[in-house]
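Residue-level listing of the chains:
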Amino acid sequence: MKRFSEVQDYTQAKARELGMHFLRREATSFQFGAHRLNLVGVDYQPLHTVYLENVEKLVSQDAFNLLLSHNPDVFPVAAQKGFDLTLSGHTHGGQVNVEILGENLNIAEFFTPYTKGLYKAGSSSVYVNSGLGTIGMPIRIGAPPEITLIRLCSS
């Protein structure tokens, strides 16, 4: 049986054969006229680890820095390290949201303050997408599936 890291390496190699490139602690940039987008991807950052260790070397001072991170809990560190925007998922929007006595109960809020939607800290933002799937129980209540279109515009 393959260990988790071996599966990641195998998947990355097979994707490259098909012309796909996974950003695993890597950056790539795109030029749009006079503007540059620095796209950085990191592997899954589990809870209780040092988030985004040594990733500041991937931040570009002359570009809009966009971080792709499965886990939204990296956001405060990402903002501190100079990322303008972080795109995340992981929470499935809470997967189960119910209203009790006028208060919304979102199961994911027991684990993270970043459950769904847009959050800001200073000049940085994170958008947490609710995604399409589920984890554990194959149900979604009050957390509709989501595909998000994000349009980046110069300010």
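A few points on the structure. (Residues numbered from 1 in each chain as written. Predicted model: local features only at pLDDT ≥ 70, side-chain atom pairs only at ≥ 80, totals over all residues. Heavy atoms only, no water.)

Re the overall build of the protein
For clarity, the threshold we go by: Helix and strand labels come from DSSP, where a helix needs a run of H or I of at least four residues and a strand needs a run of E of at least two; each type is numbered from the N terminus. The rule is simple: take the accessible area with a 1.4 Å probe, protein chains only, and divide by the maximum for that residue type; under 20% is buried, over 50% is exposed, in between is partly exposed. A contact between two residues is defined here by any heavy atoms of the two lying within 4.5 Å.
Scanning the protein from terminus to terminus reveals two helices and eight strands. Across the protein, helices and strands are ordered from the amino to the carboxyl terminus as α-β-β-β-α-β-β-β-β-β. In terms of its C-alpha atoms, the protein occupies a principal-axis envelope of roughly 50 × 50 × 30 Å. Here the protein, with 155 residues, has 37% of them falling under the buried criterion. At a minimum sequence separation of 6, the contacts of the protein that also span at least 24 residues come to 44%.

Brief notes about the environment of leucine 66
With respect to the helices and strands, leucine 66 occurs in strand S3 (residues 64–68). For the pair leucine 66 and valine 40, spaced 26 residues apart in sequence, the C-alpha separation works out to 6.1 Å. If we skip the residues at most four places from it in the chain, leucine 66 touches Leu37, Asn38, Leu39, Val40, Phe83, Leu85, Leu87 and Leu152.

Re the packing of aromatic side chains
To be explicit about the condition: For Phe, Tyr and Trp, where Trp contributes only its six-membered ring, two rings pair if their centres lie within 6.5 Å, and the inter-plane angle classes them as stacked under 30 degrees, edge-to-face over 60, or tilted in between.
Evaluation of the coordinates by the stated rule reveals two aromatic pairs. When the centroid spacing of 5.2 Å and the interplanar angle of 90° are considered together, the rings of tyrosine 114 and tyrosine 119 count as edge-to-face. One aromatic cluster in this structure is built from Phe75, Tyr114 and Tyr119.

Structural notes on the sheet that holds strand S2 (residues 35–41)
Quick note on the threshold: The pairing criterion is simple: DSSP has to find at least two bridges between the two strands. Note on geometry: axes are C-alpha line fits, over the in-contact stretch for helices, and angles between N-to-C directions span 0 to 180 degrees.
Read across the sheet, six strands follow the order S1-S2-S3-S4-S8-S7 without closing on themselves; strand pairing throughout is mixed. Sheet topology places strand S1 (26–32) and strand S7 (117–121) at the edges, where each strand pairs with a single neighbour. Averaged over all pairs of adjacent strands, the angle between their axes in this sheet comes to 20°, without regard to strand direction. The sheet contact formed by S3 and strand S4 (residues 85–88) spans three bridges and is parallel. Within the sheet, the bridge partner assigned to leucine 66 lies in S4 and is leucine 85.

Remarks on the nonpolar core
The condition is simple: Buried Ala, Val, Leu, Ile, Met, Phe, Trp, Tyr and Cys residues form a nonpolar core when they are joined through side-chain atoms within 4.5 Å.
Counting 11 residues, the largest nonpolar core consists of Val40, Val42, Tyr51, Leu52, Val55, Leu58, Val59, Leu67, Val74, Ala78 and Phe83. Residues contacting alanine 78, with those up to four places away along its chain left out, are Leu52, Leu67, Phe83 and Thr86. One finds Leu23, Leu39, Leu66 and Leu85 within the second-largest nonpolar core, a separate group that totals five residues.

Side note on the side chain of serine 69
Worth spelling out the cut-off: Here a polar contact is recorded for every N or O atom pair within 3.5 Å, except that within protein the pair must consist of a potential hydrogen donor and a potential acceptor, and residues adjacent in sequence are included only if both atoms are side-chain atoms.
Along the polypeptide, serine 69 turns up in the loop between S3 and helix H2 (75–80). A distance of 3.1 Å separates a polar atom in the side chain of serine 69 from the backbone oxygen of asparagine 71. Not counting chain neighbours up to four residues away, the residues in contact with serine 69 comprise Val42, Gln45, Val74, Thr86, Leu87, Ser88 and Gly89.

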